[in-house]
Amino acid sequence: MSLTISLQSALASLQATQGAMQVVSNNVANATTEGFTKKTVATQTQIVAGRASGVRLGDIERVVDQNLLRQIREQLAKVEDLSIRNEYYGRIQELFGAPGSNSDIGHLLTEFGASIESLSTTPENTPGKFETVALAVQFTERMNGLTSEIQAMRRETDRDISDTVNLVNNKLNTINDLNNQISLALGQQQSAADLKDARDLVLAELSELIEIETFDRSSGHVVIFTSSGRPLVDNSVIPLAHNTVAQFDASISYPGNIGGINYGAGAIDITGEISSGRLAGLIELRDQRLTELQEQY
């Protein structure tokens, strides 16, 4: 009997060693895989009939600094906020023309002013009159065109806001599904490490869209809040909504003709609470930067 126990103990130890080596091998193989985190596993004494009988593997754990993850998500929100602004600012620059180019608003205005000044000193110059009128028409058309293009960009940002809200909801649903899978795995005493890696990837993607805060429950669920403390995922998803405006002109504004970003079944407008991420950048472009340009021109 003692020989059998000894053999079982040796076999358990070998299996535990093999399992630990697989964990190490998996760490090496996935070292460059996006979202993969280093895994560790500890051995535990195996008790059979009240007696020690070798060792067994404990739970596979992730090596994760939650505080660092939180900081990374904050930075992802800020970077995406700046990125979407930079994208639109580049298009605005093209809209107004590069400084020094013939299409630059400043160049057209200077050329028109010089023509008027020249005509004031030689009013009898008939060709000069036609040139001045042509330049006036060109400048007016350019300004009217700018107005239309600015409103088209505002309409585009509004549609982009709606698309981003839908994307946020998709990410929330994915995270909620992963929450349930993780909870089930833990309940069955299985490793949920890879599922948690997958969830962290989606959380990072969500952070680019809207700034979030998270809290981990003992069940394995992660609870997600907006930066203002409104729950987005807590055993179920509380979705966001936004309705686009079909036509934009200088009189269309938020709040007013443009609907807000609504939270939950109560349709609470949380537009002003969104402080970072792609949504924040788009909101500021639509409601401030582009309207300021419209007022200037």
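Here the structure is a predicted model, which means the values were calculated and not measured.

(A) Representation of the overall build of the protein. Along its length, the protein carries six helices and eight strands. Secondary structure elements of the protein occur, N-terminal to C-terminal, as α-β-β-α-α-α-α-β-β-β-β-β-β-α. Looking at the 297 residues of the protein, the share that counts as buried comes to 37%. Long-range pairs, those at least 24 residues apart, make up 61% of the contacts in the protein between residues at least 6 apart in sequence. For the protein, the exposed surface amounts to about 16600 Å²; the carbon and sulfur share of it is 52%.

(B) Region of interest: the pattern of salt bridges. Going through the model one piece at a time under the given rule, you end up with 14 salt bridges. Here Asp 158 and Arg 286 are joined by a salt bridge, their closest N and O atoms 2.7 Å apart. Taken as a pair, Asp 158 in helix H4 (residues 126-187) and Arg 286 in helix H6 (residues 278-296) lie far apart in primary sequence, 128 residues in all. Each member of the pair Asp 158 and Arg 286 is classed as buried. Put simply, Asp 81, Arg 85, Glu 284, Arg 289 and Glu 292 are held in one network by salt bridges that share partners.

(C) Main features of the environment of Ser 219. Secondary-structure assignment places Ser 219 in the loop between strand S3 (212-216) and strand S4 (222-226). Separated by 33 residues in sequence, Ser 219 and Leu 186 have C-alpha atoms that sit 7.7 Å apart. For Ser 219, the contacting residues outside a window of four places in its chain are Ser 183 and Leu 186. Among the polar contacts made by the side chain of Ser 219, one reaches the main-chain amide nitrogen of His 221 at a distance of 3.4 Å.

(D) Structural view of the sheet that holds S3. Ordered by their spatial adjacency, three strands build an open sheet running S3-S4-S5, and the pairing between neighbours is antiparallel. Each of the sheet's edge strands pairs with one partner strand only, and the pair in question is S3 and strand S5 (231-233). Going across the sheet, the axis of each strand differs from the next one's by a mean of 35 degrees, ignoring polarity. Pairing of S3 with S4, which is carried by five bridges, proceeds in the antiparallel orientation. Its bridge partner being in S4, Phe 215 is matched across the sheet by Val 223. Sheet strands touched by helix H5 (residues 193-209): S3 and S4. Its angle to S3, the strand with the most contacts, is close to 155 degrees.

(E) Seen up close, the packing of aromatic side chains. As enumerated under the stated definition, the model contains zero aromatic pairs in all. Seen from the ring of Tyr 263, Arg 230 lies directly overhead, with NZ or CZ sitting 5.7 Å from the centre.

(F) Local environment of H5. If you check H5, its first and last C-alpha atoms are 25 Å apart, about what 17 residues at 1.5 Å a residue would give, namely 24 Å. Among all positions of H5, only Ala 193, Asp 197, Arg 199, Asp 200, Val 202, Leu 203, Leu 206, Ser 207 and Leu 209 are buried.

(G) Focus on the environment of Gly 281. The residue Gly 281 is located in helix H6 in this model. Each C-alpha atom, one on Gly 281 and one on Glu 80, is 8.1 Å from the other, the two residues being 201 residues apart in sequence. Discounting residues that sit within four places of it in the chain, Gly 281 has contacts with Asp 81, Ile 84 and Arg 85.

(H) View of the environment of Leu 293. Considering the arrangement of structural elements, one finds Leu 293 in helix H6. We classify Leu 293 as buried; its relative accessible area is 17%. Residues Leu 293 and Ile 92 lie 201 residues apart in sequence; the distance between their C-alpha atoms is 9.5 Å. Every residue in contact with Leu 293, bar those within four places of it in the chain, is listed here: Ile 92, Phe 96 and Ile 150.

(I) Spatial organisation of the nonpolar core. Ranked by internal contacts, the top residues of the largest apolar core, which has 37 residues, are Val 168, Leu 206, Ile 210, Ile 224, Leu 240, Ile 261 and Leu 279. For this core, the leading source of residues is H4, giving nine residues. When neighbours within four sequence positions are excluded, Leu 279 is seen to be in contact with Ile 161, Thr 164, Val 165, Val 168, Leu 209, Ile 210, Ile 261 and Ile 274.

(J) Spotlight on the sheet that holds strand S8 (residues 268-269). As summarised here, the arrangement of the three strands in space is S6-S7-S8, forming an open sheet in which the pairing is antiparallel. Looking at strand neighbours, the two that pair on one side only are strand S6 (240-241) and S8, the edges of this open sheet. The pairing of S6 with strand S7 (residues 262-263) spans two bridges and is classified as antiparallel. Within S7, the position partnered with Ala 241 by the bridge is Asn 262.

Reading guide: rules and limits
- Residues numbered from 1 in each chain as written.
- Predicted model: local features only at pLDDT ≥ 70, side-chain atom pairs only at ≥ 80, totals over all residues.
- Heavy atoms only, no water.
- Helix = DSSP H or I, 4+ residues; strand = E, 2+ residues; numbered from the N terminus.
- Buried < 20%, exposed > 50% of the residue type's maximum accessible area, 1.4 Å probe, protein only.
- Contact = heavy atoms within 4.5 Å.
- Areas by Shrake-Rupley, 256 points an atom, 1.4 Å probe, with all protein chains shown as cover.
- Salt bridge = Lys/Arg side-chain N within 4 Å of Asp/Glu carboxyl O.
- Polar contact = N/O pair within 3.5 Å; in protein donor to acceptor, adjacent residues only side chain to side chain.
- Pairing = 2+ DSSP bridges.
- Axes fitted to C-alpha atoms, helices over the stretch in contact; angles between N-to-C directions.
- Phe/Tyr/Trp six-rings, centres within 6.5 Å; stacked < 30°, edge-to-face > 60°.
- Lys NZ or Arg CZ within 6 Å of the ring centre and 35° of its normal.
- Expected span 1.5 Å × (residues − 1).
- Core = buried A, V, L, I, M, F, W, Y, C linked by side-chain atoms within 4.5 Å.

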